Every structure is written in C-alpha cells, then in structure tokens.
Amino acid sequence: MGVFGLAWRGIGRRRLMSGLTMLSVALGVALALAVLSLRAGVRESYTGVARGYDAILGPTHGSPLGIVLNTMFHLGEAGGTVPWELYEEARNDPRVAVAVPYAVGDSFFGHPVVGTSSDLFRVLTDRAGTPLEQRLTGALFEDGGPFEAVIGSRVLADTPLRLGARFRVAHGTEAALEEHAEEWTVVGVLRPTGTPADRAIYIPIDTFYEVGGHQRGAAQRGGEGHDAKEVLGLSAVGIRLKARILSLRFLDEYRSERKAAQCVLPQDQVRRLLDIVGDVDRYFEGIAWLVLVVAGLGIVVSLTQAILARRREIAILRSLGARPWQVFAVVLLEAELLVLLGGVLGLLLGHLGLALLAPTILERFGALVAVGPGLADLRILGILAAAGVLVGWPPAARALRVPVARFLQAGS
Amino acid sequence: MAAATPALRIEGLQKGFASPEGGRVPVVDLPELTLEREAALAVEGESGSGKTTLLHLIAGILPADAGRIEIGGHLMTGLGEAARDRLRARTLGYLFQTFNLLAGLTAYENVLLGMTFRPRAGLAPREAARRALERVGLWDRRHHRPEQLSVGQQQRVAIARALAGQPLLVLADEPTSNLDAARGAQCMDLLEEFCAETRSALLVVTHDPAVATRFARRLVLRAPEPEPAPPGRG
C-alpha cells in the first residue's frame, strides 16, 4: 500500500468523477490527434499530388489556382483552352521530360472524363510514389487507338462500370446532360491510389476529338475540314521537366514570350491554397487544445473537491506516519494518473477513429491520414505528463495544509 | 536506544489554544509523567480536560508550547513536522475513538497502510499485517471494506493496524466509546493481550470507569482553567 496504491485507490473511490475527468481528457486528446493527423494527411495529399507536374500550361484567362485544381484535382471547370501547338512545342522542348495533354468537359455519373495520353500513367503516382501504370489492373489504353478507357477505383465503386464494360459519356460535367453516341470499353482499372485519379475516367485524347458532338462543335467554330484538335485545343498541358530546378526559368520564359497560354507552378498554387485553408485548421487545433485545457481545469476542480472531502483521510494518513511529501505525492500522482490514463485512452480512441474513418477520408477528400501510433503519440503523452504536474500541484499543495489534529477528531 | 529508557517521558508539558476573545486558553499542563516499557496507564478526565490534546502532543500531531516529550528516549518536542512524522511512524501505534479506517481500502490494506510509512524492521509488512489480522481473528474478513464490517470488527481492524508494527507505545483514544459494554470489555482484553505480546506500552485515554478500573495505574487530568477549551476538542 504505497503512494502509488493509495493514488490508485483514490481514483477507484471516486469512480464516476475520475471516469468523467478521464473521458474529458481522452476526448480532448482524441480531437487533437484527429485534427493534427487530418491536417497532416490533407496537406501531404495535396502537396503530394501537386508534385506530379513541375509546371502546367493552362488557358490565359484562367485563374492559376483554378488551372491546378482542374488539371490535377479534377475540380471545377477549365477556364478556356490551350492551343494544340503548344503541346507539340512542349513535347519537343529539350528541357521537358514529359508533356501530358488534358482535354476535359465530359463526365460519366458525375465522374470527370479526362482525355489524355498514356504518358500520364508514367508521370503521375499514387500516394506511395508508385507510378499509376503499376497500379493498373487490366491494360492501358492505346494512344490514338480505339475507344478504350482506364477508370479509377472510386468510379469502379460508384458506377456500374467494370473491366470490359462499355459506356457512353455525357457532354458537360453535370449528370444527365446530352449523351455522346460513342461507346468506350473499360480496359483498365486503377487500384486505390489516394489521389484524384481514383475519381477519374481516362480516355485517349484522340478519341476525345473523334466524338461526333465535339467535331460538330469544332465545325461550327472553325469550319469544315479543320482538325478538331486544332480548333478545340486542350484544357491544359502537364509538364514534367528533366530537372525540377528549371521550372522557374520555364515560368519566366512563358511569361515574357506572351504565349497563348499561361504557365503555373502547381506546388506554388497548392501552397497558397493550404495557407488559406491553414487558418481554418488552426482553429480546429485551437479548439482541441481548449478542450484539453477545460479537461485540465476539471481535474483541478475534481481533485480540490476531493481533497476537501478527504481531509480526514489525509489526517489519518499523517497520523499513521505519512510524511507531508507522501500525502502531496499521492494527490499529485492521482492527477498524473488521470491525465495519462485519459491520454492513453484518447490516443486509442483517436487512432481507432482515424482507422475507421480513414477509408472514408481517402474516398471523400483523397487524403491518406496516418493511422498507426507513432512518435507523435509519445510527444503528446510527454506534454500531458507535464500538464498533469501542473493540474495536480494546486490540490496537492492544499493537501499539505490540512490541519491533522482537527480532522482526526471529526466524526466518521 | 538504551533498554532502560522509559517508553514515554513527559516534563513540564504545556499547550494552549488561542481563544476567540484573543487570549490563550491553556488545555494541557502536565508537570511530569513517566511510562515504563511494556507498562500500561489509563488517563481519565472530563470532556475538555485535554485528554485528546495530550495524545496529539505525545504523537507529535500537535507541537507543544513548552516542555519535553521523549518516546523511547527520542525527543518528540522541538522536532520539525517531518521529523515528528518519522518518529511517530517508527515508535507509535494510534487507536482512535472513531477508528479512522480508510473507507476505500480493505481490512488487510488498512493494516498494511499502518506499515507503509514506518522503516522496514523485522517482519516484512505483508507478513506483519497478516499476523496482526490473524491475531484479531479477522484474517477471513481481510478483503472486506470497513463499511462491510460490524463496529466491533472495525475496532479490531484498527487494533491490528495500531499493533502490526509492534510499536513501542500504543496510544488509545476512548477505544470503547463506540461499543457496548460487553464488546468494550472484549476490545480491552484484546488490546491488553496484544500489547503484552508485542511488548508495547499502552496509554489509554477514557472517561469510562469500566475501562479505567482495569488499570493499576491511573492518571486523572483536569482542565488547567475552570473554563473548558474551545469546542471540538475531547
């Protein structure tokens, strides 16, 4: 029955109060853990996706962030077109390793249909850095070939499309619009990647231009006899340079030469976006810390109250020869145990919650959150241990001042 | 410590409390008292005669205003609070009128608690606690908490706690006042026999003549002043 045993019994005696206090610590910790993990996961997923290209050529009048979101995240609409020649030019640029064309605007069950080349699957990767072509079940479509398609994992989950299925796409990005007459066949399915590729349907860019609806549009604008490619142009071109360090020079050159497209650096744009979003998740983090502070105050209140109720018990301990510091230690240890047990419970809850929510978060936000316990947990426990001393000190100091003789006499 | 030193020696002990009117109310004024080792003494007195305060002074729970208290040759008066706690843990067993068992702990843990704060000497604490509980006949109830025990059983746990560490001196504060006459007598029998076995001196404070008359040696305390001490003190 040492100091530790007494502290443990003290917690057990006030089971309800201790339980509630521990729960509030646990909730605060779980919330903090969830917010921090989500933030890290979202940030990492956005910056990870943005690393796919060193530069993007987009419509002159589009917003830089809009171009990045439309091209790399399949969000929003293309704000115009980029001339086909610029794609050809980029492909022949000695500094460019790979140029990937994008033609967007069609959809299937709300999923974006992206006309592109097979280069995309060699340049872009999943969250772990594996090229998409190695995450493929089935085959890649053939450039310039037949009406074939590769679909992402979410498309497989949300639509009737399966390997070998044939489908038509709708013109426009909203569901139930005018349908094109052409039919594509699914030849490949991407396993979940944790990137926007999960939501996309990729088709060879040539088939995009062969669609009757698009050709009619081209004819109206450019007249009969022109190549639809040249009339319609592209939504964007993704550029992977041979050396990333060249990207700023590439950008400057595009700006100074006043070409018919603007060059944006996706990593800059995503950083800017996260700076805006960052304020919001800082609020969440603040709330999590606030919950922890309230939980800490709860411990101070609960233990101080317990001390008032237990002055006789403290007096008995002293009469049995317990030194003042031992009484102090019992109370401090109680606070420490409440905080740490609550903390461990909170970490368990947090990790469990993240593990349960991770698939949904991956699907809905394309963010892969760290689920497993890590060094960050030890840091949280370290902070909590220090906080435990802080909240245990005032009631422990109170226990020191209990007048022993008076409370030994108080009736039982 | 030399075997010749008495279990308790008091000289010129004085203690008073501040009165609400601003003066001091003397509560204890004891010129001399010696209790030899393994001896027994009953201290009688009316309410307010300072009996409990005397026990608190001997146990070092309260500091004295003047005078000397020696326990087994060790000076209690003049020590700091922590040193008094240590000396108390090492030499004294305390038996309370209200038993003062800890409600959250089992009988066994309560007895063990009495051993927790004393320096390890002789028996291991667990073994000592077991023997003490066996001695008072409650080993089979060792896992019961105080509220699950009868009043008489609670007092026996308290006796086991006070004597498990084989203290030099046992201080008992009205040990029978919560018991009926028959149980009170049984309790005193147990206490005296156990003290004899552990070779502890025994100082019993009581206002119960049935208890006091058991003792060959009796001391009658009177309040130093006609007016009683502040309320709330035995």
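Predicted model only: the values in this text are computed from it and were never measured.

**Let's talk about the domain arrangement of chain A**
Examined at the domain level, chain A breaks down into domain 1 (3-46 + 273-409) and domain 2 (55-264). The centre of domain 1 of chain A, based on its C-alpha atoms, is set 50 Å off from the matching centre of domain 2 of chain A.

**A short note on the packing of helix α3 (residues 64-72) of chain A against helix α11 (residues 266-309) of chain A**
Residues and elements named next belong to chain A. Between α3 and α11, the least distance of the axes is 9 Å, while the angle of their chain directions is 105°. When the axis of α3 is compared with that of α11, the two are roughly perpendicular. Residues Pro64, Leu65, Val68, Leu69 and Met72 of α3 lie in contact with α11, whose contacting residues are Pro266, Gln269, Val270 and Leu273.

**Concerning the environment of Ser200 of chain B**
All names here are of chain B. When you line up the elements, Ser200 lands in the loop between α6 (181-198) and β8 (201-206). Looking at Ser200, the relative accessible area reads 3%, which means it is buried. Between the alpha carbons of Ser200 and Leu168 there is a distance of 4.8 Å; along the sequence they are 32 residues apart. Setting aside anything within four residues of it in sequence, one finds Ser200 in contact with Glu38, Ala39, Leu163, Gln166, Pro167, Leu168, Val170 and Cys195. Of the polar contacts made by the side chain of Ser200, one reaches the backbone oxygen of Pro167; its length is 2.6 Å. Within the structure, the side chain of Ser200 is placed 2.7 Å from the side chain of Thr198, a separation counted as a polar contact.

**Observations regarding a negative patch on the surface**
Residue and element names in this part refer to chain A. On the surface, Glu85, Glu88, Asp227 and Glu230 cluster together to form a negatively charged patch. Its location among the elements puts Glu230 in helix α9 (residues 228-232). Accessibility expressed as a relative area gives 46% for Glu230, which makes it partly exposed.

**With respect to the packing of aromatic side chains**
In this structure the tally under the stated criterion is 14 aromatic pairs over all chains. Seen from their ring centres, Tyr46 of chain A and Phe73 of chain A are 5.1 Å apart, and the 25° between their planes marks the pair as stacked. Here Phe73 of chain A lies in the loop between α3 and α4 (84-92) and Tyr46 of chain A lies in helix α2 (residues 15-50), a separation of 27 residues in the sequence. When the ring of Tyr53 of chain A is compared with that of Tyr102 of chain A, the centres are 6.1 Å apart and the planes differ by 90°; the resulting orientation is edge-to-face. Placement of the pair is Tyr53 of chain A in the loop between α2 and β1 (55-58) and Tyr102 of chain A in strand β2 (residues 96-108), with a sequence separation of 49 residues. With respect to burial, Tyr53 of chain A and Tyr102 of chain A carry one shared label: buried. Within the aromatic cluster, the residues linked to one another by ring pairs are Phe108, Phe109, Phe147, Phe167 and Trp184 of chain A. The ring of Phe194 of chain B is capped by Arg135 of chain B, whose NZ or CZ atom sits 5.6 Å from the centre of that ring.

**Quick notes on the interface of chain A and chain B**
As a measure of interface size, the accessible area lost when the parts come together is often cited. Taken together, the contact between chain A and chain B spans 25 residues of the former and 29 residues of the latter. Interface of chain A and chain B: buried area, both sides summed, is about 2400 Å²; carbon and sulfur atoms make up 61% of it. Viewed at the interface, chain B and chain A are joined by three salt bridges. Among the ionic pairs, Arg9 of chain A bridges to Glu109 of chain B, the shortest N-O distance being 2.4 Å. Counting the contacts that link chain A with chain B gives nine residue pairs in polar contact (both at pLDDT 80 or more). Contributing elements (two or more residues each) for the side of chain A that touches chain B: α1 (3-13), α12 (311-319), α13 (324-365) and α15 (404-409) of chain A. Per element, the largest residue contribution to the side of chain A that touches chain B is six residues, and it comes from α12 of chain A. Of the residues that constitute the side of chain A that touches chain B, the class distribution is eleven nonpolar, seven polar and seven charged.

**So, the sheet that holds strand β5 (residues 74-75) of chain B**
Residue and element names in this part refer to chain B. Spatially, the four strands line up as an open sheet ordered β2-β1-β4-β5, and their pairing is antiparallel. Single-partner strands in this sheet number two, and they are β2 (24-35) and β5. Bridge count for strand β1 (residues 8-18) against strand β4 (residues 66-71) is five bridges, and the pairing is antiparallel. For Arg9, the partnering residue across the bridge sits in β4 and is Glu70.

**Looking at the pairing of strand β3 (residues 40-44) of chain B**
Residues and elements named next belong to chain B. Burial within β3 is extensive, with four of its five residues counted as buried. Summarising the sheet, β3 and β8 pair through five bridges and their orientation is parallel. In the sheet register, Val43 faces β8, and the bridge partner there is Val205. Here three bridges tie β3 to strand β9 (residues 218-220), and the two strands are oriented parallel to one another. In the sheet register, Val43 faces β9, and the bridge partner there is Leu219.

**Let's talk about the packing of α2 of chain A against α11 of chain A**
Residue and element names in this part refer to chain A. Direction vectors running N to C along α2 and α11 enclose 170°, while the axes themselves pass 9 Å from each other. Taken together, the axis directions place α2 and α11 in an arrangement best described as roughly antiparallel. The residue makeup of the contact of α2 with α11, split by class, is 21 nonpolar, nine polar and five charged.

**Observations concerning the sheet that holds strand β6 (residues 92-95) of chain B**
Residues and elements named next belong to chain B. Reading across from one edge, β6-β7-β8-β3-β9 is the order of the five strands in this open sheet, with parallel pairing throughout. The open sheet has two free edges, formed respectively by β6 and β9, since each of these has just one partner strand. Averaged over all pairs of adjacent strands, the angle between strand axes in this sheet comes to 15°, irrespective of strand direction. Where helix α1 (residues 51-59) meets the sheet, its contacts fall on β3, β6, β7 (169-173) and β8, and the angle it forms with β7 comes to roughly 150°. Sheet strands touched by helix α2 (residues 81-91): β6 and β7. Its angle to β6, the strand with the most contacts, is close to 85°.

**What to know about the nonpolar core**
Buried together is how nonpolar side chains tend to be arranged in soluble globular proteins. Leu8 and Leu203 of chain B are the most contacted members of the largest nonpolar core, which totals 78 residues. By residue number, the principal contributor to this core is α13 of chain A, which donates eleven residues. The residues touching Leu203 of chain B, leaving out its near neighbours within four places in the chain, are Leu8, Leu35, Leu41, Val43, Leu55, Ile58, Leu169, Val170, Leu171 and Ala172 of chain B. Residues Val113, Phe167, Ile205 and Leu265 of chain A belong to the second largest nonpolar core, which totals 43 residues.

Rules used throughout
- Residues numbered from 1 in each chain as written.
- Chains lettered and ligands numbered in written order.
- Predicted model: local features only at pLDDT ≥ 70, side-chain atom pairs only at ≥ 80, totals over all residues.
- Heavy atoms only, no water.
- Domains from an automatic or database assignment.
- Axes fitted to C-alpha atoms, helices over the stretch in contact; angles between N-to-C directions.
- Helix = DSSP H or I, 4+ residues; strand = E, 2+ residues; numbered from the N terminus.
- Parallel < 35°, antiparallel > 145°, perpendicular 65-115°, else oblique.
- Contact = heavy atoms within 4.5 Å.
- Buried < 20%, exposed > 50% of the residue type's maximum accessible area, 1.4 Å probe, protein only.
- Polar contact = N/O pair within 3.5 Å; in protein donor to acceptor, adjacent residues only side chain to side chain.
- Patch = residues over 30% accessible without salt bridge, like charges linked within 9 Å, V, L, I, M, F, W, Y side chains within 5 Å.
- Areas by Shrake-Rupley, 256 points an atom, 1.4 Å probe, with all protein chains shown as cover.
- Salt bridge = Lys/Arg side-chain N within 4 Å of Asp/Glu carboxyl O.
- Lys, Arg positive; Asp, Glu negative; His and termini not counted.
- Charge placed at Lys NZ, Arg CZ, Asp CG, Glu CD.
- Phe/Tyr/Trp six-rings, centres within 6.5 Å; stacked < 30°, edge-to-face > 60°.
- Lys NZ or Arg CZ within 6 Å of the ring centre and 35° of its normal.
- Buried area = accessible area lost by both parts, 1.4 Å probe.
- Nonpolar A, V, L, I, M, F, W, Y, C, P; charged D, E, K, R; others polar.
- Pairing = 2+ DSSP bridges.
- Core = buried A, V, L, I, M, F, W, Y, C linked by side-chain atoms within 4.5 Å.

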